[in-house]
Amino acid sequence: MDYFEPKTLREAVSLLARYGEKAKVIAGGTDVLVDMKFKEEPLCLVNIKRIPGMSYIREEKGSLRIGALTPIREIETSPLVREKLPLLWESAHQFASLQIRNTATIGGNVCRASPSGETLAPLLVLEASAIARFSKGEKKLPFTELFLGPGKTLLGAKGLLREIEVPLPSKESRGTYLKHAVRGAMDIAMVGVAVLVTPDGGGKKARDVRIGLGAVAPTPIRAKRAEKALRGKTMARALVEEAARIAASESSPISDQRSSAEYRRWIVETLTRRGLEQSWKAVTGKEVDG
Amino acid sequence: MSLNIRLVVNGTRHRAKIEPALSLLDFLRDTLGYKGVKICCNTGECGACTILFDGKPVNSCVVLAADAAGAELVTVEGLAEGGRLHPVQQAFIDTGAVQCGYCTPGFIISVKALLDRTRNPTAEEIEEAVSGNICRCTGYTKIVDAIQIAARQLQGPTGLTSKARS
């Protein structure tokens, strides 16, 4: 196995251009090491951990910018994230165990592109973008287009994630992240649901609703039809229940050792309804009624 | 291809030549002989291989040995001082929080890290601190008791203990 510790992004990207599919990028390593032990070693390992200046969280022009090498624990303990992006904070807080949060990076969680990746449904709902470096320059890839399938993203074999840009949601909005798993810690979600709700000035209608679903399709997805059913409408109980049913119908889960597809659809419906109700109550102080 | 690395384990400097794919767990156990770091799931799920990496608890099985170049590590072997067990170790013995003992070094390190962060942990902080460590023998009640005793011990005679006495 060839092994490199590039010291600059340029060096890393040129290694990826040279080795293509043969190269594997390693950041925190909490997934890559398991693959190397139990599946196979890559022909080339590109360890980007020694590139300086890739671990940071800063606010800039209405966005939080998070370096790809920022450990999940840094996100969880950042007062800035807690205050400005509580939805992302919640997923970082529920992420695996303390040991893993100290090691795993947000860039790794994104590039791994697991449908159940803990931070992905929240980042989708927050309409984050991936800032990626290619040999010809940099591209801004919206999360809504980034994921192509399990383990596959628009980065391909030659792009390197440098930063995640998260636009700050409207101050009137509130989000909720709900995860369903057997054990609280150290367990992969059977279903993860992220909801962000913005009411209009009157506090009766939803100006904007975003719903992200994790672990119930080949990629994390937005429940676009459910969002549309609520946008601009009065948040009444029957409508919220209907939207939750639509969200379940938009999911395409598989059956595996964690749960059956049918069970996952039920959970999508329940968590979507709960997420909508909890977010609505948090932002308006009122229950969804009628 | 191999790499030369330098690091500090329990205050002792080491230099070694390693393969780049080597995990930090295998390096600590097999190359340097720190057998107190236990190998169990080897996938970052059970916490038996927990060590302190620059003061933070990590699962050494899912860290590259190469990433420890320049780092300071602490394993369970590094906690006792001058033949006296660390208060966390003593508390685990006193409450009977040890049965087969295999998970114990990992727990002890996670608890040491917790009590380095705070001497007065809440029930929630205790639960969070060891949620990545799995014990299949004793159940967790005695472990939580041990953590509370160790915390009181480390607070010393001035902290909460003296208030409780008066």
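Residues numbered from 1 in each chain as written. Chains lettered and ligands numbered in written order. Predicted model: local features only at pLDDT ≥ 70, side-chain atom pairs only at ≥ 80, totals over all residues.

Undergrad: Sorry, what's going on with the packing of helix H2 (residues 87-95) of chain B against helix H3 (residues 104-117) of chain B here?
TA: The geometry of a pair of packed helices is captured by two quantities: the angle between their axes and the separation between those axes. Residues and elements named next belong to chain B. At a minimum axis distance of 9 Å, the contact between H2 and H3 shows a crossing angle of 125°. By the angle class used here, H2 and H3 are oblique. Relative to H3, the crossing made by H2 is right-handed. Packed against H2, whose contacting residues are Val88, Gln89 and Phe92, the element H3 presents Thr104, Ile108, Val111, Lys112 and Leu115 at the interface. When grouped by side-chain class, the residues that make up the contact of H2 with H3 number five nonpolar, two polar and one charged. (Axes fitted to C-alpha atoms, helices over the stretch in contact; angles between N-to-C directions. Helix = DSSP H or I, 4+ residues; strand = E, 2+ residues; numbered from the N terminus. Parallel < 35°, antiparallel > 145°, perpendicular 65-115°, else oblique. Left-handed = near helix turned anticlockwise from the far one by under 90°. Contact = placed C-beta atoms within 7 Å. Nonpolar A, V, L, I, M, F, W, Y, C, P; charged D, E, K, R; others polar.)

Undergrad: What's the story with the packing of H3 of chain B against helix H5 (residues 141-155) of chain B in this structure? I'm lost.
TA: All names here are of chain B. Between H3 and H5, whose axes approach to 11 Å, the crossing angle comes to 40°. Here H5 runs oblique to H3, going by the angle between their axes. Our pair here, H3 against H5, has a crossing hand that is right-handed. Residues Phe107, Val111 and Leu115 of H3 form the contact with H5, whose participating residues are Ile143, Ile147, Ala150, Ala151 and Leu154.

Undergrad: Looking at this structure, I do not really get the pairing of strand S4 (residues 57-60) of chain A. What am I missing?
TA: Residues in a regular strand point their side chains to alternate faces of the sheet. All names here are of chain A. Sheet analysis places S4 next to strand S5 (residues 63-67), joined by four bridges and oriented antiparallel. Paired with Glu60 across the two strands is Ser63, which belongs to S5. Here S4 folds back onto S5, and the loop between the two strands holds two residues, one of which, Lys61, carries a positive phi near 45°. (Pairing = 2+ DSSP bridges.)

Undergrad: Explanation requested: the sheet that holds strand S3 (residues 44-47) of chain A in the structure shown.
TA: For sheets, the rule is that strands pair by backbone hydrogen bonds, running either parallel or antiparallel. Residue and element names in this part refer to chain A. The strand order across the open sheet formed by three strands is S1-S3-S2, and the pairing between neighbours is parallel. At either margin of the open sheet sits one strand with a lone partner, and together these are strand S1 (2-4) and strand S2 (23-26). This sheet shows a mean twist of 20° between the axes of neighbouring strands, independent of strand direction. Two elements, S1 and S3, share three bridges in a ladder whose sense is parallel. Following the sheet pairing, Asp2 is matched in S3 by Cys44. Against the sheet, helix H1 (residues 9-19) contacts S1, S2 and S3, and its axis sits at roughly 165° relative to S3.

Undergrad: How do you make sense of the nonpolar core when you look at a structure like this?
TA: As a rule of thumb, nonpolar side chains are buried together in soluble globular proteins. By size, the foremost hydrophobic cluster in this structure holds 137 residues, and its most contacted members are Leu88 and Ala247 of chain A together with Val111 of chain B. The greatest single-element share of this core, amounting to seven residues, is contributed by H3 of chain B. Residue contacts for Leu88 of chain A: discarding those within four places in its chain leaves Ile75, Val81, Thr119, Pro122, Leu123, Leu126 and Val166 of chain A. (Core = buried A, V, L, I, M, F, W, Y, C linked by C-beta atoms within 7 Å. Buried ≥ 20, exposed ≤ 12 C-beta atoms within 10 Å, placed from the backbone.)

Undergrad: Just checking my understanding: could you explain the domain arrangement of chain A for this structure?
TA: By convention, interface size is frequently given as the accessible area that disappears when the constituent parts associate. All names here are of chain A. Once the domains are mapped, chain A shows domain 1 (55-167) and domain 2 (174-284). Mapped onto the side of domain 1 that touches domain 2, the elements with two or more residues apiece are helix H5 (86-93), helix H8 (120-125) and strand S8 (147-149). A total of five residues in the side of domain 1 that touches domain 2 trace back to one element, the largest contributor, which is H8. (Domains from an automatic or database assignment.)

Undergrad: Looking at this structure, how should I read H3 of chain B?
TA: The α-helix winds at 3.6 residues per turn, so residues separated by three or four positions along the chain end up facing the same way. Residues and elements named next belong to chain B. Over its 14 residues, H3 extends 20 Å from the first C-alpha to the last, a length consistent with the 20 Å expected when each residue adds 1.5 Å. H3 sits mainly inside the fold: 12 of its 14 residues count as buried. Along its buried surface, H3 packs onto strand S3 (50-53), strand S4 (56-59), H2, helix H4 (123-129) and H5. (Expected span 1.5 Å × (residues − 1).)

Undergrad: Can you walk me through the pairing of strand S10 (residues 160-167) of chain A in this structure?
TA: All names here are of chain A. Most of S10 is tucked away, with six of its eight residues classed as buried. In this structure, S5 lies alongside S10, joined through five bridges in antiparallel fashion. Along S10, the bridge assignment pairs Gly67 with Glu163. For strand S6 (residues 129-134) and S10, the ladder comprises five bridges, and the chain directions are antiparallel.

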